[in-house]
Amino acid sequence: GAGVSQTPSNKVTEKGKYVELRCDPISGHTALYWYRQSLGQGPEFLIYFQGTGAADDSGLPNDRFFAVRPEGSVSTLKIQRTERGDSAVYLCASSSTGGSYNEQFFGPGTRLTVL
Amino acid sequence: TQLLEQSPQFLSIQEGENLTVYCNSSSVFSSLQWYRQEPGEGPVLLVTVVTGGEVKKLKRLTFQFGDARKDSSLHITAAQPGDTGLYLCAGGFGSARQLTFGSGTQLTVLP
């Protein structure tokens, strides 16, 4: 079946602008995660949804970052007043709550560049 | 904050050689996963280990979980150029659902 998809694959924006990144998880997966990966590093956790609600948003760096999942499927990560330090690859993953040991399946990521 | 240490950070070897990558934490993992990532793509799950002392094999890759569930290793036998990529370990701790990733091992296998 189809894997996790993310759009856009690349996003270039100017400092101070607003951006939205979209994630479409594997069909039937109730858990959805956002991670951020900087060059040469492993992914870092941002936020986790179980269904429609944000179960854990402890990884969001500040209040410029916000994410929603209104119908329990597609999720949007929103970044306000972007800064150059926000440049990174934003990864989305999904997992089946009933699956084995929280195995997470990742999308290809959105590369965000803030000029 | 849970930390994972992964070593080595970079590894460049000739085709046919063997190699081992290590992943360590000061805390006990509830589960540990190994991923492989290629440029421009997301991490791809290779294996999940959950039981102390567990050994899993995937073709030429052997994954081992430490008895105390605080460390893991990935051993590749007779490496091939197609094994080139970033290898990431990722651990779950306690009841937390998110994964904590190591910084990765960039493996280059030269033909």
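Keep in mind the model is a prediction, meaning the values are calculated, not measured.

Asker: Explain the overall build of chain A here, please?
Answerer: When you go through chain A residue by residue, the secondary structure sums to zero helices and 11 strands. In chain A, the succession of helices and strands from N to C terminus is β-β-β-β-β-β-β-β-β-β-β. For the C-alpha atoms alone, the extent of chain A along its principal axes is close to 40 × 25 × 20 Å. Across the 115 residues in chain A, those meeting the buried criterion constitute 43%. The contacts of chain A with a sequence gap of at least 6 include a subset with a gap of at least 24, amounting to 53%. Counting only carbon and sulfur atoms, one obtains 47% of the accessible surface of chain A, whose full area is about 5,500 Å².

Asker: What is the right way to read the pattern of salt bridges from this model?
Answerer: Where charged atoms of side chains with opposite charge meet at close range, the side chains can pair. All names here are of chain B. Tallied over the entire structure, the rule returns six salt bridges over all chains. For the salt bridge of Arg-36 with Glu-38, the shortest nitrogen-to-oxygen distance reads 3.5 Å. Judged by its relative accessible area of 18%, Arg-36 falls in the buried class. For Glu-38, a relative accessible area of 35% gives the class partly exposed. A salt bridge links Asp-83 to Arg-60, with the nearest nitrogen and oxygen atoms 2.9 Å apart. One end of the pair, Asp-83, is in the loop between strand E8 (71-76) and strand E9 (85-92); the other, Arg-60, is in the loop between strand E6 (55-58) and strand E7 (61-65), and 23 residues separate them in sequence. By relative accessible area, Asp-83 is classed as buried at 8%.

Asker: How do you make sense of the nonpolar core when you look at a structure like this?
Answerer: Note on soluble globular proteins: their nonpolar side chains tend to be buried together. Of all hydrophobic cores here, the largest spans 21 residues; its most connected members are Leu-19, Leu-32, Trp-34, Leu-74, Ile-76 and Leu-107 of chain B. Once residues within four sequence positions are removed from consideration, Leu-19 of chain B is found in contact with Leu-11, Ile-13, Leu-74, His-75, Ile-76, Ala-79 and Leu-107 of chain B. With 20 residues, the next largest nonpolar core counts Val-19, Trp-34, Phe-65 and Leu-112 of chain A among its residues.

Asker: Any chance you could explain the interface of chain A and chain B here in plain terms?
Answerer: Contact residues are listed per partner, giving 24 residues for chain A and 19 residues for chain B. Contact between chain A and chain B buries roughly 1,600 Å² in total, counting both sides, with carbon and sulfur atoms accounting for 53%. At the surface where chain A touches chain B, the tally comes to zero salt bridges. Our count for the contact surface shared by chain A and chain B stands at seven residue pairs in polar contact (both at pLDDT 80 or more). The set of elements that each furnish at least two residues to the side of chain A that touches chain B consists of strand E4 (31-37), strand E5 (44-50), strand E9 (88-95) and strand E10 (105-106) of chain A. Looking at the side of chain A that touches chain B element by element, the count peaks at four residues for E4 of chain A. Broken down by class, the residue content of the side of chain A that touches chain B amounts to 11 nonpolar, 11 polar and two charged.

Asker: Got a minute to help me understand unusual backbone geometry in this structure?
Answerer: Excluding glycine, residues mostly have negative phi values, and the peptide bonds linking residues are mostly trans. Here Thr-7 of chain A and Pro-8 of chain A are connected by a cis peptide whose omega angle stands at -10°. The topology assignment puts Pro-8 of chain A in the loop between strand E1 (5-7) and strand E2 (10-13). Omega for the bond connecting Ser-7 of chain B with Pro-8 of chain B falls within 30 degrees of zero, at -10°, which places this linkage in the cis form. Mapped onto the elements of the fold, Pro-8 of chain B is located in the loop between strand E1 (4-7) and strand E2 (10-14). Located in the positive-phi region is Arg-69 of chain B, a residue other than glycine, with phi close to 60°. Topologically, Arg-69 of chain B is positioned in the loop between E7 and E8. The residue Ala-78 of chain B is not glycine, and still its phi comes out positive at about 50°.

Each value, and the rule that gives it
- Residues numbered from 1 in each chain as written.
- Chains lettered and ligands numbered in written order.
- Predicted model: local features only at pLDDT ≥ 70, side-chain atom pairs only at ≥ 80, totals over all residues.
- Heavy atoms only, no water.
- Helix = DSSP H or I, 4+ residues; strand = E, 2+ residues; numbered from the N terminus.
- Buried < 20%, exposed > 50% of the residue type's maximum accessible area, 1.4 Å probe, protein only.
- Contact = heavy atoms within 4.5 Å.
- Areas by Shrake-Rupley, 256 points an atom, 1.4 Å probe, with all protein chains shown as cover.
- Salt bridge = Lys/Arg side-chain N within 4 Å of Asp/Glu carboxyl O.
- Core = buried A, V, L, I, M, F, W, Y, C linked by side-chain atoms within 4.5 Å.
- Buried area = accessible area lost by both parts, 1.4 Å probe.
- Polar contact = N/O pair within 3.5 Å; in protein donor to acceptor, adjacent residues only side chain to side chain.
- Nonpolar A, V, L, I, M, F, W, Y, C, P; charged D, E, K, R; others polar.

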